[in-house]
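Single-letter residue listing:
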Amino acid sequence: MHELSEDEFHRQADQVQDQIEHAMDASGLDLDMEQKEGSLVLMLAEGSRLVIGRQPASREIWLAAPDSTRHFGYHPGEGWLHDSDDEPLALVLAGILQDLTGEEVELELDLDAE
């Protein structure tokens, strides 16, 4: 994993949370979203919550779902990858959303967005 400065970590975390928020707006899923204390909270219509939060001390994004919490580290040119299997955050989040809603969700996060 690439070691980010604290400022760069927060910049990258802000960017990915903004991209997820825009992707959720465009997805057509029945959900509400809110930014809360540095985390993006997705509240699905059936009552499930997902939290995309940042952990500055470890320089990770944590995705808390009803069944588990997954940790993602930033890799330049690849984005946020799961710490145990290197699966991209977008694929993991899309899979969880599909499991919870029964709807196919495609998320593309632009690694080069500023």
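Quantities reported herein were computed from a predicted structural model and do not represent experimental measurements.

Please provide a residue-by-residue account of the sheet that holds strand β4 (residues 60-64), values included.
Neighbouring strands of a sheet are bound in pairs by backbone hydrogen bonds; such pairs are parallel or else antiparallel. Strand order in the open sheet formed by six strands is β1-β2-β3-β4-β5-β6, with antiparallel pairing between adjacent strands. The sheet terminates laterally at β1 (31-36) and β6 (79-82), the two strands that pair on one side only. Within the sheet, the average angular offset between the axes of one strand and its neighbour, ignoring direction, is 25 degrees. Along the sheet, helix α1 (residues 6-27) makes contact with β1, β2 (39-44), β3 (49-55), β4, β5 (69-75) and β6, crossing β3 at roughly 160 degrees. Docked against the sheet, helix α2 (residues 89-101) engages β2, β3, β4, β5 and β6, running at close to 10 degrees with respect to β4.

Let's hear about α1: which residues, and what values?
In this model, α1 (22 residues) spans 31 Å end to end at C-alpha, consistent with the 32 Å of a helix rising 1.5 Å per residue. Within α1 the residues assigned to the buried category are Phe-9, Gln-12, Ala-13, Gln-15, Val-16, Gln-17, Gln-19, Ile-20, Ala-23 and Met-24. Phi turns positive, to about 85 degrees, at Gly-28, one or two residues after α1.

Residues and numbers for the pairing of β6, please.
Pairing geometry for β5 and β6, over four bridges, is antiparallel. Within the sheet, the bridge partner assigned to Phe-72 lies in β6 and is His-82. Count of turn residues in the β5/β6 antiparallel hairpin: three residues, of which Gly-77 carries a positive phi of about 80 degrees.

Give a detailed account of unusual backbone geometry, specifying residues and quantitative values.
Positive phi values are uncommon outside glycine, yet Glu-37 reaches one of about 50 degrees. Assignment of secondary structure puts Glu-37 in the loop between β1 and β2. By relative accessible area, Glu-37 is classed as exposed at 78%. Not every positive phi belongs to a glycine, and Asp-86 is a case in point at roughly 60 degrees. Locating Asp-86 in the fold gives a position in the loop between β6 and α2.

Outline the packing of aromatic side chains, listing residues and values.
Evaluation of the coordinates by the stated rule reveals two aromatic pairs. Here Phe-9 and Trp-80 contribute two aromatic rings whose centre-to-centre distance is 6.0 Å and whose plane-to-plane angle is 80 degrees, an arrangement assigned as edge-to-face. Taken together, the residues span a long stretch of sequence, with Phe-9 in helix α1 and Trp-80 in strand β6 at a distance of 71 residues. The class for Phe-9 is buried, based on a relative accessible area of 0%. Of the residues examined, Trp-80 reaches a relative accessible area of 5% and is grouped as buried. Linked through ring pairs, Phe-9, Tyr-74 and Trp-80 together constitute an aromatic cluster.

Explain the pattern of salt bridges to me, and be specific about the residues and the numbers.
Enumeration over the complete set of coordinates arrives at three salt bridges. For Arg-11, the salt bridge is made with Glu-8, and the minimal N-O distance between the two is 3.1 Å. Taken together, the residues Arg-11 and Glu-8, both in helix α1 and three residues apart, mark about one turn of the helix. Across the pair Asp-14 and Arg-54 runs a salt bridge whose closest N-O atoms are separated by 2.6 Å. Residue Asp-14 is found in helix α1, and its partner Arg-54 is found in strand β3; the two are separated by 40 residues along the sequence. For Asp-14, a relative accessible area of 37% corresponds to the partly exposed category.

Rules used in this analysis
Residues numbered from 1 in each chain as written. Predicted model: local features only at pLDDT ≥ 70, side-chain atom pairs only at ≥ 80, totals over all residues. Heavy atoms only, no water. Pairing = 2+ DSSP bridges. Helix = DSSP H or I, 4+ residues; strand = E, 2+ residues; numbered from the N terminus. Axes fitted to C-alpha atoms, helices over the stretch in contact; angles between N-to-C directions. Contact = heavy atoms within 4.5 Å. Expected span 1.5 Å × (residues − 1). Buried < 20%, exposed > 50% of the residue type's maximum accessible area, 1.4 Å probe, protein only. Phe/Tyr/Trp six-rings, centres within 6.5 Å; stacked < 30°, edge-to-face > 60°. Salt bridge = Lys/Arg side-chain N within 4 Å of Asp/Glu carboxyl O.

In short, geometric facts, not functional conclusions.
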